[in-house]
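This is what each chain is made of:
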Amino acid sequence: MENQGQEKFSELFGVIQDYSRRDYDHHDKALQIIAGTYVFMFEREDMPDARPVVDGILEQYDYVFTTLERGNLDPLSVDAVVRVANYREEYMEWGINRLGKMLEGVFRRSRVDDTYEDYVGDARIIIRGLEKIVVGSALEDIVENGG
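Residues numbered from 1 in each chain as written. Predicted model: local features only at pLDDT ≥ 70, side-chain atom pairs only at ≥ 80, totals over all residues. Heavy atoms only, no water.

(A) Broad picture of the overall build of the protein. Each helix and strand in the protein was counted, giving six helices and zero strands. When each of the 147 residues of the protein is scored for burial, the buried share is 42%. Look at the contacts in the protein between residues 6 or more apart in sequence, and 68% of them connect residues 24 or more apart. As presented, the protein carries roughly 8,400 Å² of accessible surface, and 49% of it is formed by carbon and sulfur atoms. (Helix = DSSP H or I, 4+ residues; strand = E, 2+ residues; numbered from the N terminus. Buried < 20%, exposed > 50% of the residue type's maximum accessible area, 1.4 Å probe, protein only. Contact = heavy atoms within 4.5 Å. Areas by Shrake-Rupley, 256 points an atom, 1.4 Å probe, with all protein chains shown as cover.)

In structure tokens, the structure reads:
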């Protein structure tokens, strides 16, 4: 019964892993699935560790996964990091680190790409993601300590 959660979602995680090895459109869909599936740390479901999958996708884009339409940061990539980071307390430091890498990537891109006009807005999206991880951590402390 202990492993039932992982067995129950192994097919879904297999799809996520498969998509993470493909092209941009599949990367986008994998991040969408992660952002929609890894909801919150107090769930009963035991989802597999998606950190390596998210890392694998983001590393390919220097941690700035962009939309095809405008070329700005895809907020979904931030959501995926935040959702995985808030899924388990031990993932939070990883999430903060990855959002830091995203912020660095946005900064580097702003220095080399004169057409990149959305960097301030993209940085705000990442900072909001950091805030969500911190709030998730504080909420967990409140629940664990009974208020």
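Next, the rest of the story.
(B) How the structure looks around the packing of helix α2 (residues 24–37) against helix α3 (residues 51–59). It is at 11 Å that the axes of α2 and α3 come closest, and there the two elements cross at 145°. As α2 runs across α3, the sense of the crossing is left-handed. Counted together, His 27, Ala 30, Leu 31 and Ile 34 of α2 and Val 53, Val 54 and Ile 57 of α3 form the full contact between these two elements. Of the residues assigned to the contact of α2 with α3, the class counts are six nonpolar, one polar and no charged. (Axes fitted to C-alpha atoms, helices over the stretch in contact; angles between N-to-C directions. Left-handed = near helix turned anticlockwise from the far one by under 90°. Nonpolar A, V, L, I, M, F, W, Y, C, P; charged D, E, K, R; others polar.)

(C) Main features of the side chain of Asp 55. Looking at the secondary structure, you find Asp 55 in helix α3. When its relative accessible area of 11% is taken as the criterion, Asp 55 is described as buried. Ignoring sequence-local partners within four residues, the contact set of Asp 55 consists of Tyr 63, Trp 94 and Arg 98.

(D) Spatial organisation of the packing of aromatic side chains. What the rule picks out here adds up to five aromatic pairs. With centroids separated by 6.2 Å and ring planes inclined at 80°, the aromatic side chains of Tyr 24 and Tyr 61 adopt a geometry described as edge-to-face. Of this pair, Tyr 24 sits in helix α2 while Tyr 61 sits in the loop between α3 and α4 (75–87), placing them 37 residues apart in sequence. Given a relative accessible area of 17%, Tyr 24 falls into the buried group. The interplanar angle of 10° and the centroid separation of 4.8 Å between the aromatic rings of Tyr 24 and Phe 65 together place this pair among those described as stacked. Here Tyr 24, found in helix α2, pairs with Phe 65, found in the loop between α3 and α4; they are 41 residues apart in sequence, far enough to count as distant. Owing to a relative accessible area of 0%, Phe 65 belongs among the buried residues under this scheme. (Phe/Tyr/Trp six-rings, centres within 6.5 Å; stacked < 30°, edge-to-face > 60°.)

(E) Molecular detail of α2. Look at α2: 20 Å from first C-alpha to last across 14 residues, which is about the 20 Å you get at 1.5 Å a residue. Burial in α2 covers these residues: Tyr 24, His 27, Asp 28, Ala 30, Leu 31, Ile 33, Ile 34, Ala 35 and Thr 37. (Expected span 1.5 Å × (residues − 1).)

(F) View of the pattern of salt bridges. Enumeration according to the criterion identifies seven salt bridges in this entry. For Arg 51, the salt bridge identified is with Asp 49, shortest N-O distance 2.7 Å. (Salt bridge = Lys/Arg side-chain N within 4 Å of Asp/Glu carboxyl O.)

(G) Looking closely at unusual backbone geometry. One non-glycine residue with positive phi stands out, namely Asp 62, at about 50°. Following the sequence through the fold, Asp 62 ends up in the loop between α3 and α4. Here Tyr 63, not a glycine, exhibits a phi torsion of approximately 65°, which is positive. Among the structural elements, Tyr 63 can be located in the loop between α3 and α4.

(H) Representation of the confidence of the model for the protein within the structure. Chain-level pLDDT for the protein is 87 on average; 83% of the residues reach the 70-or-more range. Here residues 1–6 is a poorly scored stretch, pLDDT under 50, and it has three contacts once near neighbours within four places are set aside; other chains count. (pLDDT = per-residue confidence, 0-100.)

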